[in-house]
Amino acid sequence: MSFNRRIVLVMTLGIATGLLTATAALAHTGDNVGGLQSGFMHPVSGLDHVIAMLAVGLWGGILRAPAVWLLPIVFPLMMALGGAAGVTGIPLAGVETGIALSGIILGLAVLFVLRPNLWIAAVIVGIFAIFHGHAHGTELPEAANPVAYAVGFVIATGLLHLIGIAVGNLGQFGPGRIAVRACGAAIALAGAAFLTGVA
Amino acid sequence: MIRPGLAAAVLWPVASSATAHGTFEDGAEFYAGAAHPFLALEHFLLLLAFGLLLGLAGRDRAVIPLLLLAGAMIASMAIAPATPFHAVSLLILAATLSMGLALAAAWPLPLMIMALLGLCGGAALGLDTDLPRTMPGTGLFARMAAMGGVILSVFLIVLNSVALAHLITHVWNRAPIIVALRAAGSWISAAALMVLALRLRDMMGIT
């Protein structure tokens, strides 16, 4: 196994294990913990956010370099723009619809292994990132510590991307391709459920 | 001859804590100062971004910007009572945002710009630390102890960040790890942008 693949596999296993089994390390009480923890949990506790973040990583894993690292770098930045709009009260129509659509579109992109030009993929991801960011940003002013909150949900978003990338890399192998596309189908279905109000 | 592993296994249950050093009395100001850069996340993000960017450019070019950062910080902490500047947190966040973007783009900034960032960043951090407000009625020695603690922690954060970024980009030089550095830059700038928007909103009274 090449060095790069070992790195990705080890990081993914470690992060996934940590996310699934870790309990809160409340070593310090006070505003910092409240803000950081709340911010971290915000994307993770919302399934509509989780599926979209995973889909970005999956799609990046399918598209390979440079999309595999460009998309997870573009997403937080565009998300921050949307977040800034949410914080300052700039309205954005159809935020929840946009978030649900992100699951559908990105899930379908993974399912059908779509490989558009890099800039098209970046634009699609960037547009959806604005919707997600706006949803996070509207809650930022209420956070006990806005900086910790922002850091928390940016980190959570990045870690979800990383898990998606690691799973997306499984598409290099025969059975892995089917698994990745199945994940895309599941994400698209979940997005449709959110859009129609079933979920 | 006793094997080291066997010796460790025998001695481990009977070992007691080695409390060779405890907190020293009258050191509260120093500890408070040392903790400040870690607890003030805006400051920590700026220092982290600054250090990572310095390491990206190469550790050999880190000396001057780092000295300017420390010098500006000491000077601004010393003169803070005379210069209340309430928008200094905006400067900190704007500097953090720009440095995070440069890191995300893996763009090593010229030495002149890093030196300028060090100067301005250090001044802003020192003013925002605002020792007169956080330590009212304390004597000169206590304030100096606090400043010493702050500077020590600043060096800890920045030097470790420089070392890490230098290792990633100049020693290991592996694509996935360099991407992690760029991702860190995007995270830093994303967090800074959102908090900057919040501060601007509060300053402008937007509801």
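Residues numbered from 1 in each chain as written. Chains lettered and ligands numbered in written order. Predicted model: local features only at pLDDT ≥ 70, side-chain atom pairs only at ≥ 80, totals over all residues. Heavy atoms only, no water.

Draft legend 1. Region of the structure containing helix H9 (residues 175-204) of chain B. The end-to-end C-alpha separation of H9(B) is 43 Å, in line with the 44 Å expected for 30 residues at 1.5 Å each. B:Gly205 sits one or two residues past H9(B) and shows a positive phi near 75°. (Helix = DSSP H or I, 4+ residues; strand = E, 2+ residues; numbered from the N terminus. Expected span 1.5 Å × (residues − 1).)

Draft legend 2. Broad picture of the interface of chain B and chain A. Between chain B and chain A, the residue contacts involve 24 residues of the former and 27 residues of the latter. Interface area lost by chain B to chain A is led by B:Leu41, B:Trp187 and B:Met194, which between them contribute 28%. Viewed at the interface, chain A and chain B are joined by zero salt bridges. There are zero residue pairs in polar contact (both at pLDDT 80 or more) connecting chain B and chain A. (Contact = heavy atoms within 4.5 Å. Buried area = accessible area lost by both parts, 1.4 Å probe. Salt bridge = Lys/Arg side-chain N within 4 Å of Asp/Glu carboxyl O. Polar contact = N/O pair within 3.5 Å; in protein donor to acceptor, adjacent residues only side chain to side chain.)

Draft legend 3. Spatial organisation of the nonpolar core. Ranked by size, the top nonpolar core spans 92 residues in total, and within it A:Trp59, A:Leu71, B:Leu47, B:Phe50, B:Leu53, B:Met99 and B:Val158 carry the most contacts. Per-element accounting of this core gives the leading share, 12 residues, to H9(B). Filtering out sequence-adjacent residues up to four positions away, B:Leu47 remains in contact with B:Pro37, B:Leu69, B:Leu125, B:Val154, B:Ile157, B:Val158 and B:Ser161. (Core = buried A, V, L, I, M, F, W, Y, C linked by side-chain atoms within 4.5 Å. Buried < 20%, exposed > 50% of the residue type's maximum accessible area, 1.4 Å probe, protein only.)

Draft legend 4. Quick peek at unusual backbone geometry. All names here are of chain A. The omega torsion across Ala-65 and Pro-66 is -5°, close enough to zero to call that bond cis. Relative to the helices and strands, Pro-66 is located in the loop between helix H3 (47-63) and helix H4 (67-87). Phi angles above zero are rare outside glycine, and Val-113 is one such case at about 50°. Along the chain, the position of Val-113 falls in the loop between helix H5 (95-111) and helix H6 (118-137). For Val-113, a relative accessible area of 25% corresponds to the partly exposed category.

Draft legend 5. How the structure looks around the packing of helix H5 (residues 88-104) of chain B against helix H6 (residues 111-129) of chain B. All names here are of chain B. Look at H5 against H6: their axes get within 9 Å of each other, and the N-to-C directions meet at 145°. H5 and H6 meet at a crossing whose hand is left-handed. Counting all contacts with H5, which are made through Val-88, Ser-89, Leu-91, Ile-92 and Met-99, the residues of H6 involved are Leu-117, Ala-124, Leu-125, Leu-127 and Asp-128. Looking at the contact of H5 with H6 residue by residue, the classes come out as eight nonpolar, one polar and one charged. (Axes fitted to C-alpha atoms, helices over the stretch in contact; angles between N-to-C directions. Left-handed = near helix turned anticlockwise from the far one by under 90°. Nonpolar A, V, L, I, M, F, W, Y, C, P; charged D, E, K, R; others polar.)

Draft legend 6. Spatial organisation of the side chain of B:Ser89. All names here are of chain B. Along the chain, Ser-89 turns up in helix H5. Its relative accessible area of 13% is what places Ser-89 among the buried residues. Contacts of Ser-89, omitting those with residues within four sequence positions, involve Glu-42, Asp-128 and Arg-199.

Draft legend 7. Focus on the packing of aromatic side chains. All names here are of chain B. Here the structure, examined in full by the defined rule, presents three aromatic pairs over all chains. Between Phe-38 and Phe-44, the aromatic rings sit 6.2 Å apart at their centres with planes inclined by 35°, giving tilted as the arrangement. A relative accessible area of 40% means that Phe-38 is categorised as partly exposed. The exposure class of Phe-44 is partly exposed, given its relative accessible area of 24%. (Phe/Tyr/Trp six-rings, centres within 6.5 Å; stacked < 30°, edge-to-face > 60°.)

Draft legend 8. A look at the confidence of the model for chain A. All names here are of chain A. The pLDDT averaged across chain A works out to 81; a share of 81% of its residues lies at or above 70. Helix H1 (residues 3-21) is the least confidently modelled element of chain A, averaging 52 in pLDDT, while H5 averages 92, the highest of any element. Here residues 20-33 is a poorly scored stretch, pLDDT under 50, and it has 11 contacts once near neighbours within four places are set aside; other chains count. (pLDDT = per-residue confidence, 0-100.)

Draft legend 9. Local environment of the pattern of salt bridges. Residue and element names in this part refer to chain B. This structure, assessed with the given rule, holds two salt bridges over all chains. Salt-bridge contacts for Glu-42 lead to Arg-199; the nearest nitrogen and oxygen are separated by 2.1 Å. On the criterion of sequence distance, the pair formed by Glu-42 in helix H3 (residues 41-57) and Arg-199 in helix H9 is long-range, its members being 157 residues apart. Residue classification places Glu-42 among the buried residues on the basis of a relative accessible area of 9%. Of the residues examined, Arg-199 reaches a relative accessible area of 22% and is grouped as partly exposed. Residue Asp-202 is joined to Arg-201 by a salt bridge in which the shortest nitrogen-to-oxygen separation is 3.3 Å.

Draft legend 10. Local environment of a nonpolar patch on the surface. Residues and elements named next belong to chain B. A surface patch of nonpolar side chains, about 380 Å² in accessible area, is lined by Phe-38, Leu-39, Leu-152 and Leu-156. Of all the secondary structure elements, the ones that give two or more residues to the nonpolar patch are helix H2 (28-39) and helix H8 (140-172). Structurally, the position occupied by Leu-39 is in helix H2. Looking at Leu-39, the relative accessible area reads 54%, which means it is exposed. (Patch = residues over 30% accessible without salt bridge, like charges linked within 9 Å, V, L, I, M, F, W, Y side chains within 5 Å. Areas by Shrake-Rupley, 256 points an atom, 1.4 Å probe, with all protein chains shown as cover.)

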